Amino acid sequence: MSVASSNSIIRELSEVWRRCGVNSGDTVLLHSDVKHVLMHYNYFNQPNDIKKEKVLSVDDVLDSFFLALGGNGTLIVPLFNFEFAKGAPFNINTTPSQMGVLTEAARKRGNYIRTLNPIYSFAIFGKNKQYFQSIKLETALGVDSVFSRLMELDGKIAVLGLSDKNCMTFYHHIEEIHQVDYRIPKQFTAPYFDSQNRMSKITISLYVRDLDNGISTLLDPVADLMWKKNLYSGDKFNEDMGLRVISANKMYSFISHLIKQNKTKGFLYEIK
């Protein structure tokens, strides 16, 4: 397929994302699994009597989000890598993302700020990227994290092709802010290479599930509640293109209310 045709699909996808709630000028944190989108355009959307060929790439999908956001938008992409928690070195210049092929394509794209935490780092593209520059290395999910600054900018969270349980780290930010009793602080130490490739050994703290007491994360039941309250817009998981969007501030308020009302068990977590 021609470049022009590829560009037309990028424009088409950008309109889908806008229908779902990603608007020009927004600040958006994107969690993604692009498998369904790629299959739709590279297989299901082609006539049976022609040779199957790839007409849409992962980079094209990434470009469709940049197009939807426009020149005044900001895209935040998680580059999480959990090997540091197992003692493996983290290098801010080279450590890959473990959050899917779109996030790794974003990491290789350049022209972004990568936040410093060795487990929960993010690539920040666009107009507001400098606003995230000063977040401290030790900050992962709590106060003055990417999540708190996303709310300060009245940002949104977009989820493509994933259930809440498999991506929505923002829940854990809210849980840490409220110091819920089913999660506990835990420290992790490993080598860290900064942007100048200088190595030091650092220790960070995360607010994690209390595994000794059998805590298991749920999240999908509370996602259903948020749909019922019309907090999500767009497509449900496994429907149409599968992108749903929610205001970070509205989600924070809704989940905070559940925590204050002691209604999190069976929605955010269970005990096994």
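Data block above holds the structure.
Residues numbered from 1 in each chain as written. Predicted model: local features only at pLDDT ≥ 70, side-chain atom pairs only at ≥ 80, totals over all residues. Heavy atoms only, no water.

### Concerning the sheet that holds strand β3 (residues 90-91)
Right, on to step 1. The strand order across the open sheet formed by three strands is β3-β7-β8, and the pairing between neighbours is mixed. Two strands close off the open sheet at either side, each with one partner strand: β3 and β8 (199-209).
Right, on to step 2. Strand direction decides the pairing type here: β3 and strand β7 (residues 183-193), joined by two bridges, are parallel. Bridging across to β7, Asn91 finds its partner in Phe193. (Pairing = 2+ DSSP bridges. Helix = DSSP H or I, 4+ residues; strand = E, 2+ residues; numbered from the N terminus.)

### What to know about the packing of helix α6 (residues 170-177) against helix α8 (residues 248-260)
Each pair of packed helices gets described by two things: the angle between the helix axes and the distance between those axes.
Right, on to step 1. Two elements in contact, α6 and α8, have axes separated by 10 Å at closest approach and are oriented at 50°. Between α6 and α8, the crossing angle belongs to the class labelled oblique. α6 and α8 meet at a crossing whose hand is right-handed. Between α6, through Phe170, Tyr171, His173, Ile174, Glu175 and Ile177, and α8, the contact on the second element is made entirely by Ala248, Met251, Tyr252, Ile255, Ser256 and Ile259.
Right, on to step 2. Taken together, the residues of the contact of α6 with α8 break down into nine nonpolar, two polar and one charged. (Axes fitted to C-alpha atoms, helices over the stretch in contact; angles between N-to-C directions. Parallel < 35°, antiparallel > 145°, perpendicular 65-115°, else oblique. Left-handed = near helix turned anticlockwise from the far one by under 90°. Contact = heavy atoms within 4.5 Å. Nonpolar A, V, L, I, M, F, W, Y, C, P; charged D, E, K, R; others polar.)

### Things to note about the packing of aromatic side chains
Right, on to step 1. Evaluated as defined, the whole model comprises 13 aromatic pairs.
Right, on to step 2. With 5.6 Å between their ring centres and 85° between their planes, Phe122 and Phe147 make a pair best called edge-to-face. Of this pair, Phe122 sits in strand β5 (residues 122-126) while Phe147 sits in helix α5 (residues 146-152), placing them 25 residues apart in sequence. Here Phe122 and Phe147 have matching classes, each one buried. (Phe/Tyr/Trp six-rings, centres within 6.5 Å; stacked < 30°, edge-to-face > 60°. Buried < 20%, exposed > 50% of the residue type's maximum accessible area, 1.4 Å probe, protein only.)

### Looking at the sheet that holds strand β10 (residues 232-234)
Right, on to step 1. Overall, mixed pairing links the seven strands, which are arranged β4-β5-β2-β1-β6-β11-β10 in an open sheet. In the strand order of this sheet, the two ends are held by β4 (113-114) and β10, each with one partner.
Right, on to step 2. Relative to strand β2 (residues 74-78), strand β1 (residues 27-32) is paired through three bridges, and the arrangement is parallel. Bridge pairing in β2 places Thr27 opposite Thr74.

### Here's the deal with the side chain of Asp210
Right, on to step 1. Of note, Asp210 is situated in the loop between β8 and β9 (215-217).
Right, on to step 2. Here Asp210 sits buried without a salt bridge, and the closest side chain of opposite charge, Lys186, lies 9.7 Å off (N-O distance).
Right, on to step 3. Leaving out residues up to four positions away in the same chain, Asp210 has contacts with Tyr182, Arg183, Ile184 and Ile215. (Lys, Arg positive; Asp, Glu negative; His and termini not counted. Salt bridge = Lys/Arg side-chain N within 4 Å of Asp/Glu carboxyl O.)

### Points about the pattern of salt bridges
Right, on to step 1. Using the criterion set out here, one finds twelve salt bridges in the structure.
Right, on to step 2. Note that Arg19 is salt-bridged to Asp235, the shortest N-O span being 3.1 Å. Placement of Arg19 in helix α1 (residues 3-20) and of Asp235 in the loop between β10 and β11 (243-247) is noted, with a sequence separation of 216 residues between them.
Right, on to step 3. For the salt bridge of Glu270 with Lys272, the shortest nitrogen-to-oxygen distance reads 3.9 Å.
Right, on to step 4. According to the relative accessible area criterion, Lys272 is exposed, its value standing at 72%.
Right, on to step 5. Through salt bridges that share partners, Asp59, Asp63 and Arg109 make up one connected network.

### Digging into the packing of helix α3 (residues 58-69) against helix α4 (residues 101-109)
Right, on to step 1. Running from amino to carboxyl end, α3 crosses α4 at an angle of 75°, the nearest separation of the two axes being 9 Å. In terms of their interaxial angle, α3 and α4 are classed as roughly perpendicular. Of α4, the residues touching α3 (which contributes Val58, Asp59, Val61, Leu62, Asp63 and Phe66) are Val101, Leu102, Ala105, Ala106 and Arg109.
Right, on to step 2. Split into classes, the residues belonging to the contact of α3 with α4 amount to eight nonpolar, no polar and three charged.

### Some remarks on the nonpolar core
Right, on to step 1. Judged by nonpolar contacts, the single largest core of 56 residues is most densely connected at Ile157, Met168, Phe170, Tyr171, Met226, Met251 and Ile255.
Right, on to step 2. Among the elements of the structure, β5, α5, β6 (156-160), α6, β7, β8, α7 (220-228) and α8 are those that each provide at least two residues to this core.
Right, on to step 3. When neighbours within four sequence positions are excluded, Phe170 is seen to be in contact with Phe147, Met151, Ile157, Ala248, Met251 and Tyr252. (Core = buried A, V, L, I, M, F, W, Y, C linked by side-chain atoms within 4.5 Å.)

### A few points about unusual backbone geometry
Right, on to step 1. Non-glycine residue Asn111 carries a positive phi angle of around 60°.
Right, on to step 2. Non-glycine residue Leu219 carries a positive phi angle of around 80°.
Right, on to step 3. For Leu219, the position within the fold is in the loop between β9 and α7.

### Topic: the pairing of β11
A regular strand places its side chains so that they alternate between the two faces of the sheet.
Right, on to step 1. Of all five residues in β11, five are buried, a share of seventy percent or more.
Right, on to step 2. The two faces of β11 match: Leu243, Val245 and Ser247 on one face and Arg244 and Ile246 on the other face are all buried.
Right, on to step 3. Looking at chain direction, β10 and β11 are connected through three bridges and run antiparallel. Opposite Tyr232, over in β11, you have Ile246 as the bridge partner.

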